[in-house]
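# Descriptive structure summary
The residues making up each chain are set out below.
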Amino acid sequence: MSRRGLRRTLGAVGRGLLIASLVWMAGEAVVISTDLVARLQVLARRDALLERDYLPRHTFMYRFAEPDGRLGFRIRTGAWDGGYIPPDTFDADGFRTGEAVKRGGFAVVGDSFAYGFGVAREQAWPAVLEAMLGVPVANLGVIGYAPWQSNRQMELHPDLFRGRTVFYTVCFNDYLDEDGSIAGEYYRAKGWTRFENPDPSTTELVAALTAGRSWWEGSLTWWLLRACCLPPLATTVADGLEEEGLILRWKDVPIDAAQVSEANLSGLLERMDEASRIAEALDVRLIPVLFPSKGWAYRDIYAAAFGDPRPVLWEEALLTRVGAQLRSHGHLVLDLRGPLSVALEEGTHRLYLPDGHLTPFGNFVVARAISLILAHPAAVPLSAPRRSP
């Protein structure tokens with residue numbers, strides 16, 4: 001082929017590629033602007049999206065919880081009939097515990113890991129710890145609460161905490177600094193207002209599915225790359241027990257670069273400092289309990305499956321930094337990375353539920369670890385020491 005012919009051929013190929021690129025870009029603009037990928041996902045997986053995401057969130061935020069101007073939300077008083085939340089009853093303050101254990105002994109604050117989400121009341125670690133010690137343990141944990149809400153709880157209900165030993169749970173999903181506000185603003189900030197309709201339309205499901213996604217994640221190019229080139233979004237753990245456990249990328253270690261920024265970490269440590277000040281004012285012996293994520297517990301498998309160990313390393317750094325900050329205030333800090341890792345290595349029982357919360361055995365491991373610490377009264381008294389007047 002002559003040089004002129006070669007130039008013509010290359011020019012034609014270049015023009016073809018340019019036209020194809022322009023057509024592809026125009027098509028992508030239509031795909032992104034119409035949320036076409038999300039609409040196809042809704043059409044293909046409507047029942048699964050409803051069952052696993054939309055309806056549980058609707059159930060929680062619009063049936064189980066109610067707005068509270070001071071706490072963002074609180075749990076409704078009365079009996080819960082089951083479904084997304086296991087059957088249970090809640091007292092006048094919206095707590096899972098009963099009135100009989102609200103005085104004396106210990107108290108627990110925090111989120112769903114304090115509450116014991118996914119297991120029966122008597123299987124949650126506060127109840128197991130109470131049975132081990134023979135001392136009342138008030139479970140004041142609330143599903144979905146962040147550290148600022150635990151702090152407000154102590155301020156709003158001082159008589160429930162004054163003079164007690166309080167286990168202050170800090171979980172992997174607490175490492176994002178948050179401020180309290182009136183309930184409506186809080187719901188909008190969290191994105192929970194998207195789940196108000198109990199019978200959502202396709203448009204509402206698409207809006208809920210695309211919330212938080214970047215424009216790039218709504219493109220066909222992204223999903224083609226995801227399907228053929230990028231690491232998977234999930235892997236399984238075959239541990240020889242009851243069934244294979246599923247580990248989800250990002251979800252089971254929901255730590256990102258923003259959460260390890262100095263600005264965010266500073267805000268979180270301010271929450272911890274605030275908890276320390278409130279505890280001192282109430283003569284409370286505060287014992288922070290640090291819960292690692294399911295992904296961290298299976299950190300080697302997570303890093304190997306997804307080729308990205310950064311979230312695990314970020315969580316490790318956060319746990320270490322927060323623990324050091326709390327110890328600097330004189331608190332005894334119970335870091336559950338050790339006890340849960342040992343139990344996982346023993347491999348006799350499953351530790352985690354599919355959603356990342358602890359199984360009954362996982363709750364038992366937590367209670368056992370705390371009871372061993374409390375076996376040394378000189379280190380952790382059963383009630384806070386009274387200060388001299």
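Since this is a predicted model, take the numbers as computed values, not measurements. (Residues numbered from 1 in each chain as written. Predicted model: local features only at pLDDT ≥ 70, side-chain atom pairs only at ≥ 80, totals over all residues. Heavy atoms only, no water.)

### With respect to the overall build of the protein
To keep it simple, the criterion reads: Numbering of helices and strands runs from the N terminus, with a helix taken as a DSSP run of H or I at least four residues long and a strand as a DSSP run of E at least two residues long. Throughout, exposure labels follow a simple rule: accessible area from a 1.4 Å probe, protein chains only, divided by the maximum for the residue type, with under 20% read as buried, over 50% as exposed, and the rest as partly exposed. Between two residues, a contact is recorded if the distance between any of their heavy atoms is within 4.5 Å.
Helix and strand counts for the protein come out as 15 helices and 11 strands. Counting over 389 residues, the protein shows a buried share of 47%. When contacts within the protein are restricted to residue pairs at least 6 apart in sequence, long-range pairs at least 24 apart make up 72% of them.

### Some words on the packing of helix α10 (residues 262-281) against helix α13 (residues 310-328)
Where we set the bar: Axes here refer to lines fitted to C-alpha atoms; in helices the fit is confined to the stretch in contact. Angles between the N-to-C directions go from 0 to 180 degrees. Throughout, the term roughly parallel applies to angles under 35 degrees, roughly antiparallel to angles over 145, roughly perpendicular to angles from 65 to 115, and oblique to all others. It is the rotation of the near helix from the far one that decides the hand of a crossing: anticlockwise by less than a right angle makes it left-handed, clockwise makes it right-handed. Here the term charged refers only to Asp, Glu, Lys and Arg, the term nonpolar to Ala, Val, Leu, Ile, Met, Phe, Trp, Tyr, Cys and Pro, and the term polar to all other amino acids, Gly among them.
Following both chains from N to C, one finds α10 and α13 inclined at 40°, their axes separated by 10 Å at the closest point. Looking at the two axes, α10 sits oblique to α13. The crossing of α10 and α13 is right-handed. From α10, Glu262, Leu265, Leu268, Leu269, Met272 and Asp273 reach across to α13, where they touch Leu318, Arg321, Val322, Gln325 and Leu326. Its residues placed into classes, the contact of α10 with α13 shows seven nonpolar, one polar and three charged.

### Section: the packing of aromatic side chains
This is how the line gets drawn: Pairs were defined over the aromatic rings of Phe, Tyr and Trp, the Trp ring being its six-membered one, requiring ring centres within 6.5 Å. Orientation was assigned from the angle between planes: stacked under 30 degrees, edge-to-face over 60, tilted for the rest.
Following the criterion strictly, the structure yields 13 aromatic pairs and no others. Between phenylalanine 73 and tyrosine 145 the ring centres are 5.2 Å apart and the planes differ by 70°, which places this aromatic pair in the edge-to-face class. With phenylalanine 73 in strand β2 (residues 72-75) and tyrosine 145 in the loop between β6 (137-139) and α5 (147-156), this pair connects stretches of sequence that are 72 residues apart. Taking relative accessible area as the criterion, phenylalanine 73 reaches 0% and is therefore assigned buried. Residue tyrosine 145 is classed as buried on the basis of its relative accessible area of 3%. Measuring from centroid to centroid gives 6.3 Å for tryptophan 125 and phenylalanine 167, while their planes differ by 75°, and the two rings are edge-to-face. One end of the pair, tryptophan 125, is in helix α4 (residues 125-133); the other, phenylalanine 167, is in strand β7 (residues 165-171), with 42 residues separating them in the sequence.

### Quick word on the nonpolar core
For clarity, the cut-off: In this description, a nonpolar core means a group of buried Ala, Val, Leu, Ile, Met, Phe, Trp, Tyr and Cys residues linked to one another through side-chain atoms lying within 4.5 Å.
Phe73 and Phe161 are the most contacted members of the largest nonpolar core, which totals 44 residues. Listing elements by their share of this core, those giving two or more residues are α2 (36-64), β2, β5 (106-109), α6 (158-161), β7, α10, β10 (285-291) and α13. The biggest single contributor to this core is α10, with seven residues. Counting residues in each nonpolar core, the second largest holds 31 residues, with Phe113, Leu129, Cys171 and Phe291 among its members.

### A word on the pairing of strand β1 (residues 65-68)
Rules: For two strands to be treated as a pair, DSSP must find no fewer than two bridges joining them.
For β1 and β2, the ladder comprises four bridges, and the chain directions are antiparallel. Across the sheet, the residue bridging to glutamate 66 is arginine 74, located in β2.

### Details of the environment of isoleucine 373
Position of isoleucine 373 relative to the elements: it lies in helix α15 (residues 360-374). According to the relative accessible area criterion, isoleucine 373 is partly exposed, its value standing at 32%. Measuring from C-alpha to C-alpha, the distance between isoleucine 373 and leucine 334 comes to 8.4 Å, with 39 residues separating the pair along the chain.

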